[in-house]
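Fold and contact review
Next come the chains, spelled out residue by residue.
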Amino acid sequence: MRYEIRPHHGLCSLFFEGKGYSGGFVRHMADVLAQLRQNPVIRLAEGADELCGCCPNNREGVCTDKEKASNYDRRVLALCGLHAGEELPWLDFSARVRTEIVFAGRRHAVCGDCQWSGLCDAVAARRGLLPKSPGNQK
């Protein structure tokens, strides 16, 4: 099975710890992430993806905050040197997101205005997902 994944969900997946919009959303996210750990080939989506399925912001396949989510996607693609529609193994994509964004101290530049950003900061500290260079954090 090939999964459609929004580029910015590469970040969300790294910081997910069982919290979210609703119980259904959390269960769905956990299920999809478990499947992604099996390293399927993914396609970098332009718009709603597999993880959006139970999101309350998903209105018939369109995000209610479409512009913000699309901006996050564009930033992830640019920083990782990827393109919408590109296909690659999930673990390769996830490693690239960690290296080019998280460990490079660029997460706040991608999605620092997200409502979950504070949670991501706390998770990053607990899991060691911090920039490798302290001077390169923003």
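Here the structure is shown first, and the text comes after it.
Residues numbered from 1 in each chain as written. Predicted model: local features only at pLDDT ≥ 70, side-chain atom pairs only at ≥ 80, totals over all residues. Heavy atoms only, no water.

How two aromatic rings sit relative to each other is set out by the distance from centre to centre and by the angle between their planes. Scanning all chains against the criterion turns up 3 aromatic pairs. Seen from their ring centres, Tyr 21 and Phe 25 are 5.0 Å apart, and the 80° between their planes marks the pair as edge-to-face. Here Tyr 21 falls in the partly exposed class, since its relative accessible area comes to 32%. The exposure class assigned to Phe 25 is buried, which follows from its relative accessible area of 10%. Ring geometry for Tyr 21 against Trp 116: centres 5.4 Å apart, planes inclined by 85°, an arrangement best described as edge-to-face. With Tyr 21 in the loop between α1 (9-15) and α2 (23-36) and Trp 116 in the loop between α5 (107-111) and α6 (117-127), the pair connects residues that are 95 residues apart, well separated along the chain. Judged by its relative accessible area of 24%, Trp 116 is partly exposed. An aromatic cluster is built from Tyr 21, Phe 25 and Trp 116, whose rings are joined through pairwise contacts. (Phe/Tyr/Trp six-rings, centres within 6.5 Å; stacked < 30°, edge-to-face > 60°. Buried < 20%, exposed > 50% of the residue type's maximum accessible area, 1.4 Å probe, protein only. Helix = DSSP H or I, 4+ residues; strand = E, 2+ residues; numbered from the N terminus.)

Looking at where His 28 falls in the secondary structure, it is placed in helix α2. With relative accessibility at 18%, the residue His 28 sits in the buried group. The contact partners of His 28, leaving out residues within four places of it in the chain, are Glu 50, Leu 51, Gly 53 and Cys 54. (Contact = heavy atoms within 4.5 Å.)

With that out of the way, let us pick up the environment of Trp 90. Within the secondary structure, Trp 90 sits in helix α4 (residues 90-102). Overall, the relative accessible area of 4% leaves Trp 90 in the buried class. For the pair Trp 90 and Leu 36, spaced 54 residues apart in the sequence, the C-alpha separation amounts to 6.4 Å. Residue contacts for Trp 90: discarding those within four places in its chain leaves Ile 5, His 9, Gly 10, Ser 13, Leu 36, Arg 37, Asn 39, Pro 40 and Ile 42.

It is worth spelling out the pattern of salt bridges at this point. Counted by the stated rule, this structure contains 8 salt bridges. The structure contains a network of salt bridges with shared partners spanning Glu 17, Lys 19 and Arg 126. (Salt bridge = Lys/Arg side-chain N within 4 Å of Asp/Glu carboxyl O.)

Here we take up the nonpolar core. In terms of nonpolar packing, the biggest core is built from 33 residues, with Leu 11, Phe 15, Leu 36, Ile 42, Val 76, Phe 93 and Val 97 touching the most fellow members. Listed by contribution, the elements that provide at least two residues to this core are β1 (3-5), α1, α2, β2 (41-44), α3 (66-80), α4, α5 and α6. Broken down by element, this core gets its largest block of residues, 6 residues, from α2. When residues no more than four places from it in sequence are discounted, the contact partners of Phe 15 are Val 102, Arg 107, Cys 120, Val 123, Ala 124, Arg 127 and Leu 129. (Core = buried A, V, L, I, M, F, W, Y, C linked by side-chain atoms within 4.5 Å.)

As a further point, take the environment of Phe 15. When you line up the elements, Phe 15 lands in helix α1. With relative accessibility at 3%, the residue Phe 15 sits in the buried group. As for Phe 15 and Gly 53, which are separated by 38 residues in sequence, their C-alpha atoms are 19 Å apart.

Worth remembering: the numbers are spatial, not functional.
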